[in-house]
Amino acid sequence: MRAVLTWRDKAEHCINDIAFKPDGTQLILAAGSRLLVYDTSDGTLLQPLKGHKDTVYCVAYAKDGKRFASGSADKSVIIWTSKLEGILKYTHNDAIQCVSYNPITHQLASCSSSDFGLWSPEQKSVSKHKSSSKIICCSWTNDGQYLALGMFNGIISIRNKNGEEKVKIERPGGSLSPIWSICWNPSSRWESFWMNRENEDAEDVIVNRYIQEIPSTLKSAVYSSQGSEAEEEEPEEEDDSPRDDNLEERNDILAVADWGQKVSFYQLSGKQIGKDRALNFDPCCISYFTKGEYILLGGSDKQVSLFTKDGVRLGTVGEQNSWVWTCQAKPDSNYVVVGCQDGTISFYQLIFSTVHGLYKDRYAYRDSMTDVIVQHLITEQKVRIKCKELVKKIAIYRNRLAIQLPEKILIYELYSEDLSDMHYRVKEKIIKKFECNLLVVCANHIILCQEKRLQCLSFSGVKEREWQMESLIRYIKVIGGPPGREGLLVGLKNGQILKIFVDNLFAIVLLKQATAVRCLDMSASRKKLAVVDENDTCLVYDIDTKELLFQEPNANSVAWNTQCEDMLCFSGGGYLNIKASTFPVHRQKLQGFVVGYNGSKIFCLHVFSISAVEVPQERKKRGETNNDLFLADVFSYQGKFHEAAKLYKRSGHENLALEMYTDLCMFEYAKDFLGSGDPKETKMLITKQADWARNIKEPKAAVEMYISAGEHVKAIEICGDHGWVDMLIDIARKLDKAEREPLLLCATYLKKLDSPGYAAETYLKMGDLKSLVQLHVETQRWDEAFALGEKHPEFKDDIYMPYAQWLAENDRFEEAQKAFHKAGRQREAVQVLEQLTNNAVAESRFNDAAYYYWMLSMQCLDIAQDPAQKDTMLGKFYHFQRLAELYHGYHAIHRHTEDPFSVHRPETLFNISRFLLHSLPKDTPSGISKVKILFTLAKQSKALGAYRLARHAYDKLRGLYIPARFQKSIELGTLTIRAKPFHDSEELVPLCYRCSTNNPLLNNLGNVCINCRQPFIFSASSYDVLHLVEFYLEEGITDEEAISLIDLEVLRPKRDDRQLEIANNSSQILRLVETKDSIGDEDPFTAKLSFEQGGSEFVPVVVSRLVLRSMSRRDVLIKRWPPPLRWQYFRSLLPDASITMCPSCFQMFHSEDYELLVLQHGCCPYCRRCKDDPGP
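This is a predicted model, so every value here is computed, not measured.

A. Molecular detail of the sheet that holds strand 47 (residues 528-533). The antiparallel open sheet is built from four strands, whose spatial order is 46-47-48-49. The strands lining the two open edges of the sheet, one partner per strand, are strand 46 (517-522) and strand 49 (548-552). For this sheet, the mean angle separating the axes of adjacent strands, direction not counted, is 20°. Both strand 46 and strand 47 contribute to a ladder of five bridges, which runs antiparallel. Paired with Val 517 across the two strands is Asp 533, which belongs to strand 47.

Below you can see the structure in the form of structure tokens.
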């Protein structure tokens, strides 16, 4: 038994109790004043449950999995549902010590220091019963009829469902041995283990009884109320065959652990089973596995131990750093959870290994860790030997059986020489502890294998001789011999195979091979040796000549027939292989390992069971009368092929002669047996000849033969495996386009051989455009793929999706986003942009962040064309546009504060700071620092003469957290600004171009005029207020009509403007050539600028057709948004100053600034549209 730690966690408080959900998926822990719910698969804490006000002592889950209960020192019991919701709470007069659910009626028993209560989910009531002593533990029987209570005074009280006491067990230790933990065995039937051992002599008694001699009724078990360990007794043998239920006493068994450091077992009647077993530590918890086969016990020894159901210790599950207060086995599994005083929760998996031995038709194996079952494979009889200790090794040979226990080795012998005899008796005992890897028993000796060393011991335990090997011993087997002189076959890891006689000190080397030995066997005549090596190859040698007779692959074990010299079998790869003499190997499906071959039976081990496979020993020809055919088969096996062919022809089976010659690759002789020009036989012969040429490494000849036989697929496979591209091309061009399978194979090989052009040619011949697209994509020939996608739009997704992924993998994320967009994968495109944006903000690349937010807004605008998503996407569009403007402006502020060599003018930084303060929402976007904005504003305001604004900015900074590197500058600025006059320079005051109102530098309304509420339009580079006024069209005027009306410009008298509109692909520019007169008062648009003074609402400028007709096309800028947005119209009120609008992002610039920025960057500074790109 081996314990493997699956997961471990640690809570803050002691783990007082544990309960599994019946399906095993969840684990409930009582730790401190909370319940902790864990996922048993990986140890994830799913949820802590709070409901108790003091330490939780106990928890229990109902058998139906619908609810669980917890009890606490706060005197309350809480009922929880499987959804982790508390539904009911009731109290006792004292702290709750334990709770337990009835497995049948789901009645809850809750026990406190002075009483216990029974709560029924049907009655919703609690009936309470007084107790004479503090109740520490409780447990229901399997049928739910009785409840056992463990008391602090050492008494066990068994009550019925109504709380009435039926049995009272008084332990001899009394209050000095408090009953700390009890548990009923969950098995429905307790197998009789304790037999009446009184007046039995341990050395003389025959412990094995023949199967038919099992008593008809079980004897009463010997028990004692005194806590002494029973004397050492002989292992017992009993029948393992089915019995009548009426012959067996059906009892519930109660396991009891007390702080007198003992564990005991009781029947429901109160009778003790066996004697108390000493523990040498204080037990805190005892629990059974689901089927009752094992017991878990933990306590003050700081470990959890595994015991058999009768109290025999098997080993340690896991050592801990503190007392173990609780341990449980996961339902219907080999997993164990342990809870400790220091809050550690450990989850282990128990792994039980197979311990067994085989000799001819007798198979011995370990059962329930302490029992040995010997099975006769022919008669199917079984006998069970109960050792009452952990069985470590088993060896069987002839009439001998050796069993290694922790502190001794028992040697048994059969009671008679009868081959069917199945009752054993103890022959010898070796009372000594041994450590060994392998155990072998002979007639008078036992052989212990300890890595490189073999020791031969007599049955009295005396070491007679020892052998030291060159390498690790991998396999050992007794191959027979006279008693006391048996021979051993030994295989080593270095490939050496030796024969050792137990009475001889010198080992005989049979042979040495290059690979490690895995399995060995010797033929009945001792002339041949079969070996399975570490490469899973079965090799058969002649022992005398050391010649390798033959070898077969895919083998994991081998066995010679003990009665027939020339027959052996080996298993591997899911098949059983049988070889007789030089005949071909016979193969049939089989799961498991070959472990023996005796006569007509092959014994195979699969998992824990042995099965026998019947093998016929002779050829039977039922109803066969053709002697020539039978004799021809004999001649063919003897190698007399020409005589066999004549007999086949004489018996009318020329096809068998043809098959024989083709199998022998004697094709010239095979042609003599071809039918009268039968094309099928001719094709078969050519194919066989090609197969032969292929096997003898003549691939080119094989290709030509396959082609002539019409086996194009095989020819293509050979060409492809050898990399013959020219031959593949030739075959593909000669094949008809209807032969899709060989053409497809040709294309596949051409693609693998890095000839995508020829593969594309083959796909075109087939008309397989989808495969052609996949070829272009896999070979990353994107231009060809795009050209094909233009002709066949249905493949657009198959092209652009991989292209986008390839771009993303190569860190070309912006191109990847565009490719996702083209592929119609808007979700992926948006995800890429969002990730790019988040990264840019996190890395303080605010210019990039502004660009990505602008792209994200345009992506949303594109999706908004879907009516179902219009409102949502338009909201996101305006949000992302706003963020793009904020980050674009903040980029200059960040560089100014971080880079001492900033290139921005003070006026620009002043304008940007004011723009950001007016535009920032309540929740400042990530990455934008209000401190940096106010610091820049204060610094530039002071430099430009806006002292009042600077003082206001410094005052604002006092209410914010200032980084240490700005602290000194701000404190100094705050002092020096007090020496300046308390007013701002009038040159800096912004002007509204609609109402000519001077606006304050700090505007509570934001970036709008305080008088007319007209929104300001800023330059995207200098952030000056531009001399533009937005106007709207009267209802009924379409965008197309408005454009046509503006283009119909009416000539105005006495106007001598020299304006030149320069339109190109990258911008729309208004440029003044020569100006002498202003527009004049007669302009209808100017009249539209009037509004009601002092209004609190914004009144937009709405123009009619007449006003539109009077406008000059050179004075109007239009933002031509794609649908569903409407176009925006702006009128320049100072035609003298040239304004440029980017046709992609529709941002406005002073023309000189825009041209300079485009020259510097080669693109628009906002949307990065190259100057040579065509407009949208």
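B. The packing of aromatic side chains, seen in detail. For the structure on display, the rule yields 29 aromatic pairs. Geometrically, the ring pair formed by Phe 20 and Phe 347 is tilted, given 6.5 Å between the ring centres and 55° between the ring planes. In this pair, Phe 20 is assigned in strand 2 (residues 15-20) and Phe 347 in strand 29 (residues 344-351), connecting sequence segments 327 residues apart. Assessed through its relative accessible area of 9%, Phe 20 is described here as buried. Geometrically, the ring pair formed by Tyr 335 and Phe 347 is stacked, given 5.5 Å between the ring centres and 15° between the ring planes. Of this pair, Tyr 335 sits in strand 28 (residues 335-340) while Phe 347 is found in strand 29, placing the two residues 12 residues apart along the sequence. Overall, Phe 347 belongs to the buried group, its relative accessible area being 1%. Joined through ring pairs, the aromatic side chains of Trp 7, Phe 20, Tyr 38, Tyr 335 and Phe 347 make up one cluster. Arg 587 extends its terminal NZ or CZ atom over the ring of Tyr 575, reaching a point 5.0 Å from the ring centre.

C. Focus on the nonpolar core. Grouped together as the largest cluster of nonpolar side chains are 62 residues, with contacts concentrated most on Trp 854, Tyr 887, Leu 916, Leu 1028, Met 1148 and Cys 1164. Listed by contribution, the elements that provide at least two residues to this core are helix 15 (826-842), helix 16 (846-863), helix 17 (870-898), helix 18 (906-919), strand 63 (1139-1141), strand 64 (1148-1150) and helix 25 (1151-1161). Take this core: its biggest share by element is 12 residues, from helix 16. Once residues within four sequence positions are removed from consideration, Leu 1028 is found in contact with Ile 1017, Leu 1117, Phe 1130, Arg 1131, Ser 1132, Ile 1139 and Met 1148. Listed in part, the 50 residues of the second largest apolar core include Ile 409, Leu 410, Val 440 and Leu 454.

D. Examining helix 25 more closely. For helix 25, the full list of buried residues reads Ser 1151, Tyr 1154, Leu 1157 and Val 1158. Taken end-on, helix 25 shows its buried residues confined to a sector of 130°, consistent with a single buried face. Opposite the buried face of helix 25, at more than 90 degrees from it, the exposed residues are Glu 1152, Leu 1159 and Gln 1160. Once helix 25 finishes, Gly 1162 follows within two positions and takes phi at roughly 80°, a positive value.

E. Highlighting the environment of Leu 775. Relative to the assigned elements, Leu 775 resides in helix 11 (residues 769-778). Judged by its relative accessible area of 0%, Leu 775 falls in the buried class. For the pair Leu 775 and Ala 759, spaced 16 residues apart in sequence, the C-alpha separation works out to 8.0 Å. Setting aside its immediate chain neighbours within four residues, Leu 775 contacts Lys 751, Pro 756, Ala 759, Ala 760 and Tyr 763.

The rules behind these values
- Residues numbered from 1 in each chain as written.
- Predicted model: local features only at pLDDT ≥ 70, side-chain atom pairs only at ≥ 80, totals over all residues.
- Heavy atoms only, no water.
- Pairing = 2+ DSSP bridges.
- Helix = DSSP H or I, 4+ residues; strand = E, 2+ residues; numbered from the N terminus.
- Axes fitted to C-alpha atoms, helices over the stretch in contact; angles between N-to-C directions.
- Phe/Tyr/Trp six-rings, centres within 6.5 Å; stacked < 30°, edge-to-face > 60°.
- Buried < 20%, exposed > 50% of the residue type's maximum accessible area, 1.4 Å probe, protein only.
- Lys NZ or Arg CZ within 6 Å of the ring centre and 35° of its normal.
- Core = buried A, V, L, I, M, F, W, Y, C linked by side-chain atoms within 4.5 Å.
- Contact = heavy atoms within 4.5 Å.
- Arc of directions from axis to C-beta.

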